[in-house]
Amino acid sequence: MTKTEKLWWQEAVVYQLYPRSFADANGDGRGDFEGIRSHLDYLRDLGIDAIWMSPCFPSPQRDHGYDVADYFDVEPTYGTLDDFDRLVADAKARKIRIMLDIVPNHCSSDHAWFQAALKAAPGSPERARFWFRDGKGPNGDEPPNNWRAIFGGPAWTRVTEADGSPGQWYEHTFTPWQPDFNWYNHDVLDYFDRMLVFWFDRGVDGIRVDAVPVLGKHPDMPDSPPAPPGLTDGQQWRYNIYGHFYPTAHDVWKRWRTVIDDYERTHPGRHLVTISESYGPPEELLRYMQGDEFHQSFAFDLMLITWLAAPIRAAITDSLDMLASVGGAPAWTLNNHDTQRIVTRLGRLNANDPAAWTGNNLLYVDAPIDLELGRRRARAAVTLAAALPGALYLYQGEELGLEEVLDMPDQAREDPLFIRSNGKELGRDGCRVPLPWTTDATTSYGFSPAPVAPWLPQPKDWADLSAERQVADPQSMLAWYRTVLAHRPLLSGDLQWVDTDLPECVAFERDGALILANVGPDAIELPAELVSGRSLILASQPDATMQLVPSDTCVWMSPAH
Ligand code: GLC
């Protein structure tokens, strides 16, 4: 490969697949590998290059897979390792690569190591793989420090020792069922090195790495400086500079990169990618991307900002400038399994009021929602994001224009964020509802093969949003996603901003092609000098013309000739 040739992941379209909610082949109301396999043609026709699967390892599912009980096997309700291998092979036959979701900060409390640590004595090698500490106070009955868990409550849970006495405490960034690993411990380091190779050997081509900034911890675990008053536990995490962000984590990422680079060297033709999940400003993300840690880091800003031209432009510029300094490729994203779906976010009637955006993907300001407006804006948003240089990460169901399910009954909700915050935070179940494949409501819209309750209830009116209906409708969101993705290869070259003086307009060129999004409420008339000699490649609304771009619409035009 020459230097100028791009690696596959630099411009890939990656589809985040949430296995529990994608498709259920065995009729237990939860997704599985066979379900995924049976829809691979759908994914090929959508035009994706890779699937990133949210964790599919054995798990008690208290955080739906982000609590891993064994990193060397697959979740039995999803299938067997043979089923997994078959899925990888069948995907590959359609030129779709598989990426896994690796959770290094913590495991499940069901993991054999944690169970052994509970049985072992304080100070034992078993406990040293985690963060066990004596409590404070005369009887050790206060947590060892003031750290808070992101999903609510203290970041410490006390154990009962083997003799029945109240014992030490262990630390957990999220829930008590997700004990944090001690990344200074060599067993932990070696275990993950082996695990990476195990999955690469099975044909996996990349990994998304979970919760990257929280892994680094001060070995002495001092109290965190106080956070500003009035913040939820979930908002406070950024202030815990000793429980998260501690720089020794970089040694871990460098070690992983060595494992990966060695693997590529010894397996010619294999090109692997690592992408970090880190919410934070560009300068923070940059620390992971100096060439010897991660290949990519999600650019989350488009998912977290107001629907206004200036912040959209700033989000794009900030990511591109940051990456330019390290020669990196961005990974744009509009949705994921932790964030309210874009149709709902942008359908909020105050979506263009900066005060209505918390900047935190778990917290939303309430407002009336117009789903049709949300869908119109979502069409424009993906048309814009798909035109940017770099990779594009989609989240299952966005191609169907699904909305966030907000009116789910409390008893149906399973997200630990909802449970641990006593319902104060709605949590993320609403974007994880099983996908509607057909118009047949009796089978959960084709999610399951027979009448069976899906693990989360679906809205009553999803027949119209089903893949079956949308495949047959050239105006559907699904048809639009296919069109946009099919046209992506037409665009190449760096992004050059175009100064238009037009209100609420985001405009740029790539090798002369013009991409223009009108994110405002009024139609924009385009000046003749901007469009002369061009032709329309595509437009997110059918009534857009070369002269007039309606509200909430994005167009692509050819270079002028
Ligand atoms: C990440 C995941 C989220 C999970 C958390 C704990 O943020 O994306 O779904 O709950 O980490 O693993």
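No experiment lies behind these values; they were computed from the predicted model shown.

1. A word on the packing of aromatic side chains
- On inspection of all chains with the given rule, the structure shows 40 aromatic pairs.
- Their ring planes at 45 degrees and their centres at 5.9 Å tell us that Phe-132 and Tyr-170 sit as a pair that is tilted. Placement of Phe-132 in strand S4 (residues 132-133) and of Tyr-170 in strand S6 (residues 166-171) is noted, with a sequence separation of 38 residues between them. Considered together, Phe-132 and Tyr-170 belong to a single accessibility category, that of buried residues.
- For the pair Trp-253 and Phe-294, a centre-to-centre distance of 5.1 Å together with 50 degrees between the ring planes defines the contact as tilted. With Trp-253 in helix H8 (residues 249-266) and Phe-294 in the loop between helix H9 (282-286) and strand S9 (296-299), this pair connects stretches of sequence that are 41 residues apart.
- One Lys or Arg, Arg-20, reaches over the ring of Trp-455 and ends 4.3 Å from the middle of that ring.

2. As for the sheet that holds strand S5 (residues 156-160)
- Read from one edge to the other, the open sheet built from three strands follows the order S4-S6-S5, with strand pairing classed as antiparallel. Since the sheet does not close on itself, it has two edges, and those belong to S4 and S5, each with one partner.
- Here S5 pairs with S6 via four bridges, running antiparallel. Bridge assignment links Trp-156 to a residue of S6, and that residue is Glu-171.

3. Describing helix H5 (residues 112-119)
- Among all positions of H5, only Trp-113, Phe-114 and Ala-117 are buried. Along the axis of H5, the buried residues cluster in a sector spanning 95 degrees; they form a single face. For H5, exposure combined with an orientation more than 90 degrees from the buried face picks out Ala-112 and Lys-119.
- Where the residues of H5 are buried, they touch S4, S6 and helix H6 (186-201).

4. Description of the site of the ligand
- Around the ligand, the structure places Asp-63, Tyr-66, His-106, Phe-151, Phe-174, Arg-208, Asp-210, Glu-277, His-337, Asp-338, Arg-428 and Arg-432.
- Contact distances for the ligand include 3.0 Å between an oxygen atom and a side-chain N or O atom of Arg-208.
- Here the ligand has 310 Å² of accessible area as a free molecule, and 95% of this is covered by the chains.

5. Details of the environment of Leu-490
- Mapped onto the fold, Leu-490 is located in the loop between helix H16 (477-487) and strand S12 (495-497).
- Taking the relative accessible area as the measure of exposure, Leu-490 reaches 54% and is therefore exposed.

6. What about helix H13 (residues 371-385)?
- With 15 residues, H13 extends 20 Å between its outermost C-alpha atoms, agreeing within 8% with the 21 Å of an ideal straight helix rising 1.5 Å per residue.
- Along H13, 12 of the 15 residues are buried, which leaves the element largely enclosed by surrounding structure.
- For H13, the set of buried residues is Leu-373, Gly-374, Arg-375, Arg-377, Ala-378, Arg-379, Ala-380, Ala-381, Val-382, Thr-383, Leu-384 and Ala-385.
- Among the residues of H13, the N-terminal cap falls to Asp-370, whose side-chain oxygen and the backbone nitrogen of Glu-372 are separated by 3.0 Å.

Rules used throughout
Residues numbered from 1 in each chain as written. Predicted model: local features only at pLDDT ≥ 70, side-chain atom pairs only at ≥ 80, totals over all residues. Heavy atoms only, no water. Phe/Tyr/Trp six-rings, centres within 6.5 Å; stacked < 30°, edge-to-face > 60°. Helix = DSSP H or I, 4+ residues; strand = E, 2+ residues; numbered from the N terminus. Buried < 20%, exposed > 50% of the residue type's maximum accessible area, 1.4 Å probe, protein only. Lys NZ or Arg CZ within 6 Å of the ring centre and 35° of its normal. Pairing = 2+ DSSP bridges. Arc of directions from axis to C-beta. Contact = heavy atoms within 4.5 Å. Near = heavy atom within 4 Å. Polar contact = N/O pair within 3.5 Å; in protein donor to acceptor, adjacent residues only side chain to side chain. Areas by Shrake-Rupley, 256 points an atom, 1.4 Å probe, with all protein chains shown as cover. Expected span 1.5 Å × (residues − 1).

Everything listed is a geometric property; what it means functionally is a separate question.
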